[in-house]
Amino acid sequence: MQIVVVTGATSGIGHAAAVRFGRDGAAVLAVGRKATALAEVAQEVTKAGGQCLPFEADVTADDAPGAIVARAVAAFGGLTTLVNAAGIIATGTVENTLDARWDEMLDVNLRAPFRLMRAATPHLVASRGAVVNVSSVTGLRAFPGVLSYCVSKAGVDQLTRCAALELAAHGVRVNAVNPGVVVTNLHRRSGVNEENYAAFLERSKETHPLGRAGEPEEVAELIAFLASDRAGWITGETISIDGGRHLTCAR
């Protein structure tokens with residue numbers, strides 16, 4: 001049985017991943033900041049066929065990594081899979097990005113996954129498990145107007161590669177998925193209103209060669225594959241799942 005920690009489990013890709021692991025009968029520790037939403041996720045995972053324990057936490061808190069890993073191990077007896085899906089986005093350029101916004105972006109998107117990977121590593125070594133980090137096409141390509149987000153995701157990609165190399169001798173695999181625009185609440189939470197978000201999704205039909213934005217469930221399928229034995233010879237990869245967005249120039 002897979003024992004999976006999923007951060008950012010209350011919405012978007014994290015939510016879809018938690019439910020997808022439930023379909024495989026996994027035991028899932030669903031990590032998020034909203035108790036009500038976590039309870040709903042737990043019900044969905046259970047309905048899908050898995051076990052789920054909600055865990056309310058801010059992944060940037062000093063004690064969060066140790067507490068998250070300890071709860072999973074205490075509840076389920078170990079840890080086989082870590083999915084770092086919690087993330088934020090914000091606009092900003094090299095000229096107007098404030099220190100506080102820069103620090104927040106890297107804290108949530110890069111520092112938190114690193115710290116959780118570090119805390120989980122002894123248990124992943126014991127299970128010869130896997131890590132899947134949720135990165136972005138912006139980690140692989142430069143885009144204007146989202147400077148700190150791009151840098152944070154590029155950091156996630158390099159963290160993925162370096163950790164994969166270091167942990168390979170222990171049988172632990174580390175990969176990342178790099179989505180393009182996916183229909184989630186990520187942009188709404190950053191302050192984008194409904195009218196502008198609808199226009200953004202419409203524009204995505206032009207910027208993504210396959211002609212549409214993605215769905216969280218599509219990314220969750222790739223995450224589940226990378227965490228499974230079917231991907232047993234794949235490590236250190238940053239895999240584009242973006243309707244071809246990474247093939248285009250910024251536009």
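Going by the structure above, here's the rest.
Engineer: Can you help me understand unusual backbone geometry in this one?
Structural biologist: Both trends apply: most residues other than glycine have a negative phi, and most peptide bonds are in trans. At arginine 128, a residue that is not glycine, the phi angle is positive and equals roughly 50°. In this structure arginine 128 comes out as exposed when scored by relative accessible area, which is 58%.

Engineer: Would you take a moment to explain the packing of helix α1 (residues 12–23) against helix α9 (residues 216–227) for this structure?
Structural biologist: Working note: a packed helix pair is described by the angle between its axes plus the distance between those axes. The contact between α1 and α9 brings their axes to 8 Å, and the two run at 55°. Here α9 runs oblique to α1, going by the angle between their axes. Both α1 and α9 take part in a crossing whose hand is right-handed. In this structure, α1 contributes Gly12, Ile13, Ala16, Ala17, Arg20, Phe21 and Arg23 to the contact, and α9 contributes Pro216, Glu217, Val219, Ala220, Glu221, Ile223, Ala224 and Ala227.

Engineer: I'm lost on the pairing of strand β3 (residues 51–56) in this one. Help?
Structural biologist: Residues in a regular strand point their side chains to alternate faces of the sheet. Two elements, strand β2 (residues 27–32) and β3, share 6 bridges in a ladder whose sense is parallel. When the sheet's bridge partners are listed, alanine 30 is paired in β3 with proline 54. Read from β2 through helix α2 (residues 35–48) to β3, the crossover connection turns out right-handed.

Engineer: How should I be thinking about the side chain of threonine 80 in this particular structure?
Structural biologist: Along the polypeptide, threonine 80 turns up in the loop between α3 (64–76) and β4 (81–84). A distance of 3.2 Å separates polar atoms of two side chains, one belonging to threonine 80 and the other to threonine 81. Setting aside residues up to four positions removed in sequence, threonine 80 forms contacts with Met1, Gln2, Ile3, Leu124, Ser127, Gly129 and Ala130.

Engineer: Would you explain the sheet that holds strand β6 (residues 173–179) in this entry?
Structural biologist: Backbone-to-backbone hydrogen bonds join strands into a sheet, with any given pair of strands oriented parallel or antiparallel. The 7 strands lie next to each other as β3-β2-β1-β4-β5-β6-β7, forming an open sheet whose pairing is parallel. The sheet is open, and its two edges are formed by β3 and β7 (238–241), each paired on a single side. Taking each pair of neighbouring strands and ignoring which way they run, the sheet shows an average axis angle of 20°. Both strand β1 (residues 3–6) and β2 contribute to a ladder of 4 bridges, which runs parallel. Across the sheet, the residue bridging to valine 6 is alanine 30, located in β2. Sheet strands in contact with α9 are β4, β5 (130–134), β6 and β7, and its direction is about 165° off that of β6.

Engineer: Looking at this model, I keep getting lost on the side chain of threonine 60. Mind explaining?
Structural biologist: By the secondary structure assignment, threonine 60 is in the loop between β3 and α3. Looking at threonine 60, its side chain comes within polar contact range of the side chain of aspartate 58, at 2.8 Å. Threonine 60 has contacts with Asp107, Val108 and Arg115, leaving out every residue within four places of it along the chain.

What counts, and at which threshold
- Residues numbered from 1 in each chain as written.
- Predicted model: local features only at pLDDT ≥ 70, side-chain atom pairs only at ≥ 80, totals over all residues.
- Heavy atoms only, no water.
- Buried < 20%, exposed > 50% of the residue type's maximum accessible area, 1.4 Å probe, protein only.
- Axes fitted to C-alpha atoms, helices over the stretch in contact; angles between N-to-C directions.
- Helix = DSSP H or I, 4+ residues; strand = E, 2+ residues; numbered from the N terminus.
- Parallel < 35°, antiparallel > 145°, perpendicular 65-115°, else oblique.
- Left-handed = near helix turned anticlockwise from the far one by under 90°.
- Contact = heavy atoms within 4.5 Å.
- Pairing = 2+ DSSP bridges.
- Right-handed = clockwise from strand over helix to strand, strands pointing away.
- Polar contact = N/O pair within 3.5 Å; in protein donor to acceptor, adjacent residues only side chain to side chain.

Read these as spatial facts, not as claims about activity.
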